[in-house]
Amino acid sequence: MSETQHTEKESSFQQQVWETLSAINVNDKVEKKNGLSYLSWAWAWAWGVLMAHYPESYYVIDAVSYNNDGSAMVSLTLTVKQGNNECLRKMWLPVMDYRNQAISNPNAVDINKALMRCLTKAISMFGLGFYIYAGEDLPEQEKVVMQKEEAQQKARYN
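What you are looking at is a predicted structure, and each value in this text was computed from that prediction instead of being measured.

**Student:** Even after reading the chapter, I still don't get the overall build of the protein, so can you show me in this structure?
**Tutor:** Scanning the protein from terminus to terminus reveals six helices and six strands. Of the regular secondary structure in the protein, the N- to C-terminal order runs α-β-β-α-α-β-β-β-β-α-α-α. Counting only residues that meet the buried cut, the protein has 33% of its 158 residues in that class. For the protein, the share of sequence-separated contacts (at least 6 apart) that also reach a separation of at least 24 residues comes to 58%. As displayed, the protein has an accessible area near 10,000 Å², and 51% of this comes from carbon and sulfur atoms.

In structure tokens:
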């Protein structure tokens, strides 16, 4: 396979992943904490979505990075895989407290929570719940469907 064919195949798989995951309305799974919206990592990974569509997917956790002020940064690489097709995204996140402020000298529980938030953020980079980070209410595809349904309902009553 030539490099161009390989790249086109990867691009189409990446597009398939994005189209599949970004079309999912996660609004009923969004949780709120301190005015911020987020998805549960367990739902995003196992119960609801990624493993249902791409069960061969996996992630690799990097070593925790510590800053001069004692705060820490976690990172991981998520690989979405289906057969011979795969694409990956690297994501990072500071270890934060309930106010979303960096924690100085975080403990193992703080680091674990940050890693799971980081995993959810990495999944969003493939499309699932990405609109939460953009502050939108619905995936674009669902907006179009809802607009068509509203127009059909109006047409029936006019």
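**Student:** Which parts of the structure should I look at to understand the pattern of salt bridges?
**Tutor:** Two side chains bearing opposite charge may form a pair once their charged atoms approach each other closely. A full pass over the atoms with the stated rule returns two salt bridges. Here Asp 62 makes a salt bridge to Lys 90, at a shortest N to O gap of 2.3 Å. Of this pair, Asp 62 sits in the loop between β3 (58–61) and β4 (65–66) while Lys 90 is found in strand β6 (residues 85–94), placing the two residues 28 residues apart along the sequence. Here Lys 90 falls in the partly exposed class, since its relative accessible area comes to 44%.

**Student:** Sorry if this is basic, but what is going on with the nonpolar core here?
**Tutor:** Buried together is how nonpolar side chains tend to be arranged in soluble globular proteins. Core analysis: the largest hydrophobic core is formed by 34 residues, its most contacted members being Leu 78 and Leu 128. For this core, the secondary-structure elements that each account for two or more residues are α1 (3–22), α2 (41–47), β5 (72–82), β6, α4 (108–124) and α5 (130–134).

**Student:** Please explain the packing of aromatic side chains as it appears in this structure.
**Tutor:** To describe a pair of aromatic rings, one takes the distance between the centres and the angle between the planes. What the rule picks out here adds up to three aromatic pairs. Relative to Tyr 54, the ring of Phe 13 has its centre 6.0 Å away and its plane inclined at 90 degrees; by these criteria the two rings are edge-to-face. Placement of the pair is Phe 13 in helix α1 and Tyr 54 in the loop between α3 (50–53) and β3, with a sequence separation of 41 residues. Grouping residues by exposure puts Phe 13 and Tyr 54 together as buried. Ring centres of Trp 18 and Phe 130 lie 5.4 Å apart, and the angle between their planes is 70 degrees; this geometry places the pair in the edge-to-face category. With Trp 18 in helix α1 and Phe 130 in helix α5, this residue pair connects regions lying 112 residues apart in the sequence.

**Student:** Before we go on, may I ask you to explain the side chain of Ser 75 in this structure?
**Tutor:** The residue Ser 75 is located in strand β5 in this model. Residue class for Ser 75 comes out buried when judged on its relative accessible area of 12%. Among the polar contacts made by the side chain of Ser 75, one reaches the side chain of Asp 62 at a distance of 2.8 Å. What Ser 75 contacts, discounting residues up to four positions off in sequence, is Ile 61, Asp 62, Lys 90, Met 91, Trp 92, Leu 115 and Cys 118.

Cut-offs and rules
Numbering of residues starts from 1 in every chain and runs along the sequence as written. In keeping with the model being predicted, local features are shown solely for residues with a pLDDT of at least 70 and side-chain atom pairs are shown and tallied solely at 80 or more, while totals for entire chains, interfaces and linings include all residues. Only hydrogens and water are removed before side-chain values are computed, so all heavy atoms of the structure are retained for them. Each helix is a run of H or I in the DSSP string that is no shorter than four residues. Each strand is a run of E no shorter than two, and both are numbered from the N terminus. Summary of the burial criterion: residues with accessible area below 20% of their type's maximum are buried, those above 50% are exposed, and those between are partly exposed, where the area comes from a 1.4 Å probe applied to protein chains only. Here, residues are in contact when the closest pair of their heavy atoms is within 4.5 Å. Surface exposure here means Shrake-Rupley accessible area, sampled with a 1.4 Å probe, where a residue is shielded only by the protein chains that are shown. Basic side-chain nitrogens of Lys or Arg form a salt bridge, by our definition, when they fall within 4 Å of a carboxyl oxygen of Asp or Glu. Among buried residues, the Ala, Val, Leu, Ile, Met, Phe, Trp, Tyr and Cys ones that are joined through side-chain atoms within 4.5 Å form a nonpolar core. Within 6.5 Å between ring centres, the rings of Phe, Tyr and Trp (the latter by its six-membered ring) count as paired, and their orientation is classed by plane angle as stacked under 30 degrees, edge-to-face over 60, tilted in between. Counted as a polar contact is a pair of N or O atoms within 3.5 Å, where, for protein atoms, one must be capable of donating a hydrogen and the other of accepting one, and residues adjacent in sequence contribute only when both atoms are in side chains.

Interpretation in functional terms is not warranted from these geometric data alone.
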